[in-house]
Structure formats: C-alpha cells, structure tokens
Amino acid sequence: IDALNSGSGYIIVNYHGSNQKVKLQITGPDSVTYTFDLHGGNEVFPLVASSGSYTVTVFENVEGTQYATVLSQVISVSITDEFGPYLYPNQYVNFTADSLAVKEGSSLAYYCSSDTEVVESVYNYIISNFNYDKAKNVKSGYLPDVDKVFTENTGICFDYAAVMATMLRTQAIPTRLEVGYAGEEYHAWISTYIKDKGWINGIIEFDGTSWNMLDPTFASTSDSPKKFIAQKSDYITKYVY
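Residues numbered from 1 in each chain as written. Predicted model: local features only at pLDDT ≥ 70, side-chain atom pairs only at ≥ 80, totals over all residues. Heavy atoms only, no water.

A. Molecular detail of the overall build of the protein. Counting secondary structure elements, the protein contains five helices and twelve strands. Scored against the burial criterion, the 241 residues of the protein give a buried share of 44%. For the protein, contacts bridging at least 24 residues in sequence account for 59% of all contacts bridging at least 6. About 12200 Å² of surface is accessible on the protein, with carbon and sulfur atoms providing 46% of the total. (Helix = DSSP H or I, 4+ residues; strand = E, 2+ residues; numbered from the N terminus. Buried < 20%, exposed > 50% of the residue type's maximum accessible area, 1.4 Å probe, protein only. Contact = heavy atoms within 4.5 Å. Areas by Shrake-Rupley, 256 points an atom, 1.4 Å probe, with all protein chains shown as cover.)

In structure tokens form, the structure reads like this:
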C-alpha cells in the first residue's frame, strides 16, 4: 500500500500474490466502506471522504464467498487539495496521456473560453457520438476501458460516465463519477465543479437561469436530448469515485 500521494487524494495498491480473487476495502472517516477487486500491478484508488483516518484492507479468497485478511493498514490522511480525488485517474476512471478520450477532450477544449463551455462541449460530443449498449452483459467487478469505449462509441452508463470524467479531469475540471440509483435503476453519472458555481450535481446546459441534469446516458437515449430533463430528487448517490 503506497500512501505517499494520500495528500493529493489517492493511494496506490499493488498485489503481488498468486490468489485469483483478491479484494480491497477502504473505509474512510465517514464510515462508508468501498470494495474493489485487485488485479495485480499498480492500481489507484481515490480517498473521497476528505481528511481523517482511513482503514485499508486486502483480502484473499479462501473458498466460495469466504475471504481472509492478508494486510490491513490504518492511514492518517491530510488532504491538501480537496479536488485531488476528482482530477487524477483511478481504477474506475483509468486513463493516461495517450488515451484517445484525453486527446479528444483537449481538442474540444481548445476552442472554449471557460470551464462551462468545456463541459457543454464534451457533453454534447458524448451524447451525439455514443450509443447505449443495451445488449452488454456486465459482471460483478466490471471496469470501464475508456479507450475501447471511445473507439467503439458504445457503452453502458458506467462507460459514459468514465469517458466524460476522463475528458473533463484532464482539462483540470474536477469531476466525480457517481454510482447509485436513478429512480429504481442502478446507475452511474457524473457531477462536476464549476468555478464560482461550486459542485453541480447534474447539468446539460446553463440557460442563464438554471442547470439541467447532466446524465449523458439518459440524454443520449432520449428522442430529443435537448428536451431531456431529470429531477435531482430521482438520483441517490451511494458511492463516489
């Protein structure tokens, strides 16, 4: 467990063992526990509960659904940049400088004069060029592959959110990938931070008076995306990445 960058809002975990089913749990000062699958190699995980004490535990599968603790560590975290967890790549929003989504995000932002314009430009690109993959079967532990999704222009809500988060984070716009419920549907979407506006938990565009829901999945499947409006009360966030 590498906590050298915990002040920037993330840790790096590298599993070196031979067990094929390994899980990581991170419990922050808000007592919310996040569970991830480990795959070996350096993997980045965000610290989203601000400063405080985090318990990081690695479990190996024994048999069936039984797991045993192989490593547990308590980390005292002092976040120096509150936006850090939402600017860096992590296991769910995984990108490099060479990622296709990063390059396209940079191209779109080049012609924009504000963060708001960048968000709108990226959003319009996603809902215009991506198709929702209704036939995709997602297994537990599924991770978005932003390059694959970007190349195929298809994906599920998790993919849409990861790609858009990638494009915005790499333009220095803090963006949260949120997972929870939209009505009765388990769903993923994003929220983003706009200077002088704060965290916007859902925008399509700003008409000078109000913001509309930023949910690229539902908007892209609407017959008329610009008329798409979702109620914030319908969205219940369970986890943030």
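Having seen the model, we can carry on.
B. Region of the structure containing the sheet that holds strand E9 (residues 175–182). The strand order E11-E10-E9-E12 describes an open sheet built from four strands, whose pairing is antiparallel. Two strands bound the open sheet, and with one partner strand each, they are strand E11 (198–200) and strand E12 (235–240). Adjacent strand axes in the sheet meet at a mean angle of 40° when their direction is disregarded. Alignment of E9 against E12, held across five bridges, turns out to be antiparallel. By the bridge assignment, Ala182 is partnered in E12 with Tyr235. Sheet contacts for helix H4 (residues 157–169): E9 and strand E10 (185–194); angle to E10, the most-contacted strand, approximately 10°. (Pairing = 2+ DSSP bridges. Axes fitted to C-alpha atoms, helices over the stretch in contact; angles between N-to-C directions.)

C. A look at the nonpolar core. Within the largest apolar cluster, 58 residues are counted, with the highest numbers of intra-cluster contacts made by Leu24, Ile26, Ile126, Val163 and Met167. Take this core: its biggest share by element is ten residues, from H4. The contacts of Val163, once residues within four sequence positions are left out, are Ala101, Ile126, Phe130, Val146, Val149 and Phe150. (Core = buried A, V, L, I, M, F, W, Y, C linked by side-chain atoms within 4.5 Å.)

D. Main features of the side chain of Ser6. As for its placement among the helices and strands, Ser6 is situated in the segment before strand E1 (10–15). For Ser6, a relative accessible area of 10% translates into the label buried.

E. Region of the structure containing the environment of Leu38. One can find Leu38 in strand E3 (residues 33–38). As a C-alpha pair, Leu38 and Phe59 span 21 residues in sequence and 9.4 Å in three-dimensional space. Leave out the neighbours within four places in its chain, and Leu38 touches Val13, Tyr15, Val22, Lys23, Leu24, Glu43, Phe45 and Val58.

F. Just the sheet that holds strand E2 (residues 22–27), in detail. Within the open sheet, the four strands sit side by side as E3-E2-E5-E6. Their pairing is antiparallel. Edge positions in the open sheet fall to E3 and strand E6 (66–77), since each of these has one partner strand only. In this sheet, neighbouring strand axes are inclined to one another by 20° on average, regardless of whether the strands run parallel or antiparallel. Pairing of E2 with E3 involves six bridges; the strand directions are antiparallel. By the bridge assignment for E3, Gln25 is matched with Thr35.

G. Structural context of the packing of aromatic side chains. Applying the stated criterion to the full structure yields 18 aromatic pairs. Among the aromatic residues, ring-to-ring pairing joins Tyr34, Phe36, Phe45, Tyr92, Tyr142, Phe158, Tyr239 and Tyr241 into one connected group. Seen from the ring of Tyr86, Arg176 lies directly overhead, with NZ or CZ sitting 5.9 Å from the centre. Directly above the ring of Trp199 sits Arg176, whose terminal nitrogen or CZ lies 3.9 Å from the centroid. (Phe/Tyr/Trp six-rings, centres within 6.5 Å; stacked < 30°, edge-to-face > 60°. Lys NZ or Arg CZ within 6 Å of the ring centre and 35° of its normal.)

H. Broad picture of a nonpolar patch on the surface. A cluster of nonpolar side chains, namely Tyr181, Tyr186 and Ile236, defines an oily patch on the protein surface of about 310 Å² accessible area. Tracing the chain through its elements places Tyr181 in strand E9. When its relative accessible area of 34% is taken as the criterion, Tyr181 is described as partly exposed. (Patch = residues over 30% accessible without salt bridge, like charges linked within 9 Å, V, L, I, M, F, W, Y side chains within 5 Å. Salt bridge = Lys/Arg side-chain N within 4 Å of Asp/Glu carboxyl O.)

I. Highlighting the confidence of the model for the protein. Here the protein shows a mean pLDDT of 85. Residues at 70 or above account for 84%. Averaged over each element, pLDDT in the protein is lowest for helix H5 (residues 216–220) (53) and highest for E2 (98). Below a pLDDT of 50 lies the segment residues 203–211, which in the model reaches 25 contacts outside its immediate sequence neighbourhood of four places, other chains included. Ignoring residues within four places in sequence, the model shows residues 222–229, a span with pLDDT below 50, making 13 contacts including any to other chains. (pLDDT = per-residue confidence, 0-100.)

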